[in-house]
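Read off the chains here:
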Amino acid sequence: MGARIYVGNLPMDIRTRDVEDLFYKYGKIRDIDLKTPSRPPAFCFVTFEQMRDAEEACRGRDGVAFEGTRLRCEISRGTQNAYGGGGGGGGG
């Protein structure tokens, strides 16, 4: 099935390619679901093929400075998120 991580505190002008550049070194990425709400910050969900890769990505990127903010990364639990549910949206 894969393992999904939440990545928060992203700049509003982030692109899918930028997220891919941040995380590709941790393993095979299956999907990037980028969310740019009407109010900052932007956030996304990155799905890796392996749980181990998702865990390493969280450890490696959580708290890292990126374009003036500190990234927030955590393993996503379940199919819904704190912003009202999964699915929809997009960007890139």
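Look a little higher up for the structure.
Residues numbered from 1 in each chain as written. Predicted model: local features only at pLDDT ≥ 70, side-chain atom pairs only at ≥ 80, totals over all residues. Heavy atoms only, no water.

**Student:** Would you mind going over the overall build of the chain with me for this structure?
**Tutor:** Counting secondary structure elements, the chain contains two helices and six strands. Secondary structure elements in the chain, listed N-terminal to C-terminal, are β-α-β-β-α-β-β-β. Long-range pairs, those at least 24 residues apart, make up 64% of the contacts in the chain with a sequence separation of at least 6. Just so you have it, the chain exposes about 5,500 Å², and 45% of that area is on carbon and sulfur atoms. (Helix = DSSP H or I, 4+ residues; strand = E, 2+ residues; numbered from the N terminus. Contact = heavy atoms within 4.5 Å. Areas by Shrake-Rupley, 256 points an atom, 1.4 Å probe, with all protein chains shown as cover.)

**Student:** Just checking my understanding: could you explain the state of the cysteines for this structure?
**Tutor:** Structurally, a disulfide amounts to a covalent bond that connects the sulfur atoms of two cysteines. Taken as a whole and judged by the stated rule, the model has zero disulfides. Looking at Cys44, it has no disulfide partner, and the nearest cysteine sulfur is the one in Cys73, 8.0 Å off. We note that Cys73 lacks a disulfide partner, and the nearest cysteine sulfur, in Cys58, lies 5.5 Å from it. (Disulfide = S-S within 2.5 Å.)

**Student:** It is not clear to me how the packing of aromatic side chains should be interpreted in this structure. Could you clarify?
**Tutor:** Both the distance between ring centres and the angle between the ring planes are used here to describe each pair of aromatic rings. For the structure on display, the rule yields four aromatic pairs. Here the aromatic rings of Phe43 and Phe45 are separated by 6.1 Å at their centres, their planes lie at 90°, and the arrangement is edge-to-face. Judged by relative accessible area, which is 6%, Phe43 ranks as buried. Clustering of aromatic rings is evident, with ring pairs tying together Tyr6, Phe43 and Phe45. Just above the ring of Phe45 sits the side chain of Arg4; from NZ or CZ to the centre is 4.2 Å. (Phe/Tyr/Trp six-rings, centres within 6.5 Å; stacked < 30°, edge-to-face > 60°. Buried < 20%, exposed > 50% of the residue type's maximum accessible area, 1.4 Å probe, protein only. Lys NZ or Arg CZ within 6 Å of the ring centre and 35° of its normal.)

**Student:** Before we go on, may I ask you to explain the pairing of strand S3 (residues 42-48) in this structure?
**Tutor:** Consecutive residues of a regular strand have side chains that alternate between opposite faces of the sheet. Burial within S3 is extensive, with seven of its seven residues counted as buried. Along S3, one buried face is formed by Ala42, Cys44, Val46 and Phe48 and the opposite face, lined by Phe43, Phe45 and Thr47, is buried too. Pairing between strand S1 (residues 3-10) and S3: six bridges, direction antiparallel. Note on S3: the bridge partner recorded for Ala3 is Phe48. As paired elements, strand S2 (residues 29-35) and S3 share six bridges and run antiparallel to each other. When the bridges of S3 are listed, Ile32 appears paired with Val46. Turn length for the S2-S3 hairpin, with the two strands adjacent in sequence and antiparallel, is six residues. (Pairing = 2+ DSSP bridges.)

Keep in mind these numbers describe shape, not what the thing actually does.
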